[in-house]
Amino acid sequence: MTDDPADILAELSRIRHADPPTHGGRVLSYVYDHGRPELDALAAEAAAMFLPVNGLDPTTFASVARLERDLVRFTRSVLHGDGEVAGSVTSGGTESCLLAVKSARDCWLAARGETDASGERPELVLPTTAHPAFRKAAQYLGLTLAEVPVDPRTGIVAADDVLAAITPRTALVVVSAPNYPFGTIDPVARVAAGAQQRGVPVHVDACIGGWLLPWWPERDTGDNTDDHERWDFAVEGVTSISTDLHKYGYAPKGASVVLYRGRERHRAQYYATTGWPGYPVVNPTVLGSRSATANAAAWAIVRALGTAGYAELVARTAAATGAVRRALDGISGLTVVGAPAAALLAVQADPDRAPAHQVDPFAWVDAVRRRGFLLQAQPAFTQPDGTTLPRTAHLTITPATESVTRELVAALREGADEVRGRPATGPQPDLVAEVLTRGLPAEMAPVLSTLEAMDGEQARTVLTALLASVIDPDVAEDTDGGD
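What comes next is a walk through the structure.

Judged by pairing direction, the sheet is mixed, and its seven strands sit side by side in the order β1-β7-β6-β5-β4-β2-β3 without closing on themselves. Two strands close off the open sheet at either side, each with one partner strand: β1 (85–90) and β3 (144–148). For this sheet the average axis-to-axis angle between neighbouring strands, irrespective of direction, equals 20°. Pairing analysis gives five bridges linking strand β6 (residues 238–244) to strand β7 (residues 256–261), with the strands arranged antiparallel. Paired with D244 across the strands is S256, a residue of β7. Helix α3 (residues 62–78) rests against β1, β6 and β7 of the sheet, and its axis sits at about 120° to β1.

Let's shift gears to the nonpolar core. By size, the foremost hydrophobic cluster in this structure holds 94 residues, and its most contacted members are W364 and L412. The element contributing the most residues to this core is helix α9 (residues 293–329), with 13 residues. Ignoring any residue separated from it by four or fewer positions in sequence, one finds L412 in contact with V324, L328, I331, W364, V368, L375 and L395. The next biggest cluster of nonpolar side chains, apart from the first, holds 18 residues, and it includes W108, A130, L141 and L143.

Adjacent strands of a sheet form backbone hydrogen bonds with each other and so pair up, either parallel or antiparallel. Taken in spatial order, the four strands of this open sheet run β10-β11-β15-β12, and their pairing is antiparallel. Two strands lie at the open edges of the sheet, namely β10 (334–336) and β12 (376–378), each paired on one side alone. For this sheet the average axis-to-axis angle between neighbouring strands, irrespective of direction, equals 30°. For β12 and strand β15 (residues 392–396), the ladder comprises three bridges, and the chain directions are antiparallel.

Before going further, it helps to examine α3. For α3, which comprises 17 residues, the first-to-last C-alpha distance of 25 Å matches the rise-based estimate of 24 Å (1.5 Å per residue) to within 8%. Listed in full, the buried residues belonging to α3 are V64, L67, E68, D70, L71, V72, F74, T75 and V78. Buried positions along α3 lie against β1, β6, β7 and α9.

Bridge analysis of strand β2 (residues 123–127) against β3 gives five bridges, and the strand direction is parallel. Within β3, the position partnered with V125 by the bridge is A146. For the crossover from β2 across helix α5 (residues 132–141) to β3, the handedness is right-handed.

As enumerated under the stated definition, the model contains six aromatic pairs in all. Taking the centre distance of 5.2 Å and the plane angle of 40° together, the rings of W211 and Y310 count as tilted. Linking W211 in the loop between β5 (202–205) and β6 with Y310 in helix α9, this pair joins segments that are 99 residues apart in sequence. Aromatic side chains W215 and Y310 sit 5.5 Å apart centroid to centroid with 15° between the ring planes, which places their arrangement in the stacked category. You can see W215 sitting in the loop between β5 and β6 and its partner Y310 sitting in helix α9, a full 95 residues away along the chain. As far as the burial class goes, W215 and Y310 line up, both buried. An aromatic cluster of at least three residues, connected via ring pairs, comprises F74, W211, W215 and Y310.

Calculation notes
Residues numbered from 1 in each chain as written. Predicted model: local features only at pLDDT ≥ 70, side-chain atom pairs only at ≥ 80, totals over all residues. Heavy atoms only, no water. Pairing = 2+ DSSP bridges. Helix = DSSP H or I, 4+ residues; strand = E, 2+ residues; numbered from the N terminus. Axes fitted to C-alpha atoms, helices over the stretch in contact; angles between N-to-C directions. Contact = heavy atoms within 4.5 Å. Core = buried A, V, L, I, M, F, W, Y, C linked by side-chain atoms within 4.5 Å. Buried < 20%, exposed > 50% of the residue type's maximum accessible area, 1.4 Å probe, protein only. Expected span 1.5 Å × (residues − 1). Right-handed = clockwise from strand over helix to strand, strands pointing away. Phe/Tyr/Trp six-rings, centres within 6.5 Å; stacked < 30°, edge-to-face > 60°.

Structure follows, in structure tokens:
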């Protein structure tokens with residue numbers, strides 16, 4: 001006998017109750033809370049209307065084509081794109097980045113007649129702070145990575161270092177606006193100009209900044225902007241951009257847009273075939289059948305907000321960011337890395353203070369969590385040149401943060417006071433087996449410190465085993481209140 005619908009929904013509610021709160025500004029990573037409940041209701045209704053629609057074939061479901069055209073048109077206008085800019089709506093930033101790499105790789109191969117007698121693979125040049133989606137794309141698509149170290153003090157890569165890494169095998173250069181780890185913007189204009197002289201395309205990863213930077217206070221992205229401040233299609237050498245509607249565009253997961261300067265680049269991301277006995281297949285993105293619900297919800301949110309609505313939400317985000325930044329500047333033992341461009345902050349132990357006065361970011365994250373706010377721990381990272389980027393705590397500020405700024409600031413200060421002067425959390429080798437059998441502990445500092453001490457291959461193995469165990473029905477226990 002099947003379950004009663006009311007019981008099913010009650011069960012889902014109990015399962016969902018185990019999650020951290022996605023609204024109210026208490027989770028400072030992963031979620032982007034606009035603080036406007038009516039937008040959630042609008043998105044839900046829009047998505048429900050498109051539940052049965054298959055986005056596989058927009059020639060059959062013309063509504064899908066209309067939604068995508070409108071979203072691409074609006075996005076390119078925000079990013080200073082003209083009629084030469086075309087693109088697609090994707091399932092998220094990872095897919096947008098992967099498609100940009102595919103397009104560049106296929107254009108690189110086409111320029112060489114689809115063959116290369118040397119047998120060497122095309123290259124992807126990127127700063128170490130570029131999102132892992134590009135490393136994933138390189139692994140999936142057979143490109144070699146050329147990673148360029150960033151300045152550990154500022155989190156910014158030098159344009160000359162990026163340009164020096166370009167070779168005849170470079171298919172694409174990636175820069176970020178901003179990067180996620182430190183929230184700093186790479187020197188897009190200078191990289192794009194140098195890459196253009198070398199005939200190499202440049203992709204700007206604006207997945208997190210594309211719906212934030214255009215309206216950020218004291219930031220002009222128009223024609224009067226200094227070269228080092230430009231980052232979108234206003235920069236001539238920028239050939240593609242990814243930007244996520246489900247981040248600061250405030251659409252539900254997952255909706256992103258990837259745009260290209262030139263339709264030939266856009267069409268290089270497509271897959272098409274008549275090489276089977278069934279219907280002709282043409283896929284603009286990685287997925288074949290795909291839900292239209294995210295597109296419909298994103299379309300509704302964009303229409304409801306428009307440029308004025310986004311400007312208002314960015315203003316609230318900027319106000320909250322300023323308040324949090326001022327509070328952080330006043331906490332002894334901590335310091336913000338570099339000069340973040342907008343609402344992403346990375347906080348490290350102050351290297352100018354003696355250990356007795358420093359605050360370990362990992363311990364601080366746990367202490368702040370006990371006070372009701374979730375920050376994100378980022379392990380230290382050794383770059384190819386041997387320099388080390390510091391362990392940090394990451395904060396993503398949203399409009400909803402404005403309503404809880406006073407509570408958040410108090411939690412940040414009290415958490416720092418609790419752990420100031422404690423020795424930095426170190427690795428615990430025996431913890432790995434315990435986590436894999438018993439799950440994650442309440443205190444995450446030892447877990448992150450242990451991962452931080454592992455080499456890359458060892459860390460990958462442990463992370464894979466951990467996530468696999470969490471979703472394995474024969475390993476994981478139900479701790480969500482369900483049966």
